[in-house]
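A look at the structure
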Amino acid sequence: VFMDIVGDEKYLEIARQLATLERRSPHVSPERAVQNHKRLAAVASGESRQKLLINAAEECLKEASSILSTLASKANVVMKSRTNKAMIANAKAWLSLYPWISEQENQKYWESIRMTWIQQFLQVAKLEKNESDIKRWTDNYYSFLRADRLAGRLKFHESLNDNDPPLL
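Below or above, wherever it landed, is the structure these notes cover.

Things to note about the layout of surface pockets
Estimated volume of the largest pocket: approximately 370 Å³. The wall of the largest pocket is formed by 17 residues, among which Arg23, Arg24, Glu59, Glu63 and Trp94 lie closest to the centre. Secondary-structure elements contributing two or more residues to the lining of the largest pocket are α2 (8-24), α3 (30-43) and α4 (46-73). It is α4 that contributes the most residues to the lining of the largest pocket, 6 residues altogether. Grouping the constituent residues of the lining of the largest pocket by class yields 7 nonpolar, 4 polar and 6 charged.

Regarding the packing of α3 against helix α5 (residues 82-95)
In contact at an axis separation of 8 Å, α3 and α5 are set at 5 degrees when each is read in the N-to-C sense. Between α3 and α5, the interaxial angle falls into the category roughly parallel. Facing Pro30, Glu31, Ala33 and Val34 of α3, the residues of α5 in contact are Asn90, Ala93 and Trp94. Residues of the contact of α3 with α5, tallied by class, amount to 5 nonpolar, 1 polar and 1 charged.

As for the environment of Asn90
Position of Asn90 among the secondary structure elements: in helix α5. For the pair Asn90 and Pro30, spaced 60 residues apart in sequence, the C-alpha to C-alpha distance is 6.1 Å. In contact with Asn90, not counting residues within four places along its chain, are Pro30 and Ile67.

The rules behind the values
- Residues numbered from 1 in each chain as written.
- Predicted model: local features only at pLDDT ≥ 70, side-chain atom pairs only at ≥ 80, totals over all residues.
- Heavy atoms only, no water.
- 1 Å grid on protein atoms, 1.4 Å probe; cavity = no way out; pocket = protein on both sides within 12 Å on 5 of 7 lines; lining within 4 Å.
- Points joined across faces, edges and corners; volume = space filled by probe spheres on them.
- Helix = DSSP H or I, 4+ residues; strand = E, 2+ residues; numbered from the N terminus.
- Nonpolar A, V, L, I, M, F, W, Y, C, P; charged D, E, K, R; others polar.
- Axes fitted to C-alpha atoms, helices over the stretch in contact; angles between N-to-C directions.
- Parallel < 35°, antiparallel > 145°, perpendicular 65-115°, else oblique.
- Contact = heavy atoms within 4.5 Å.

Laid out in structure tokens, this is it:
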């Protein structure tokens, strides 16, 4: 009944504002913030949904980057302290949106920021000294670079026409 009175867009805007306020609270965990993004995107549709997904991706990357930059500045400090472990856990929580958001509709936008996500995961793996994750994200990084270069070459070859000189 409430949604019939105010309409979907108005409801969504109010929900978005409330979720934003909650995420800004110092007492909200990264896990809860990520859940807020998922919940909002689940009820949105069309252009509103796309904007919410983009905002979620950007906020999660920003928060994870901030944490990882702080940790990187402590490179000489042992990563086994409780504070550092908690910071790594928080960065991983922000990055936990990755598998969920990568399955969403806006593939063009997603492809434009995917490398940044991969770099963040690789940084977490290095801070944790997790050899299997370092290998996994390094492989992912180079696979993405190869695919990107191949796509660029294909676009170039498709742009050629019969009047162009042959390629050597």
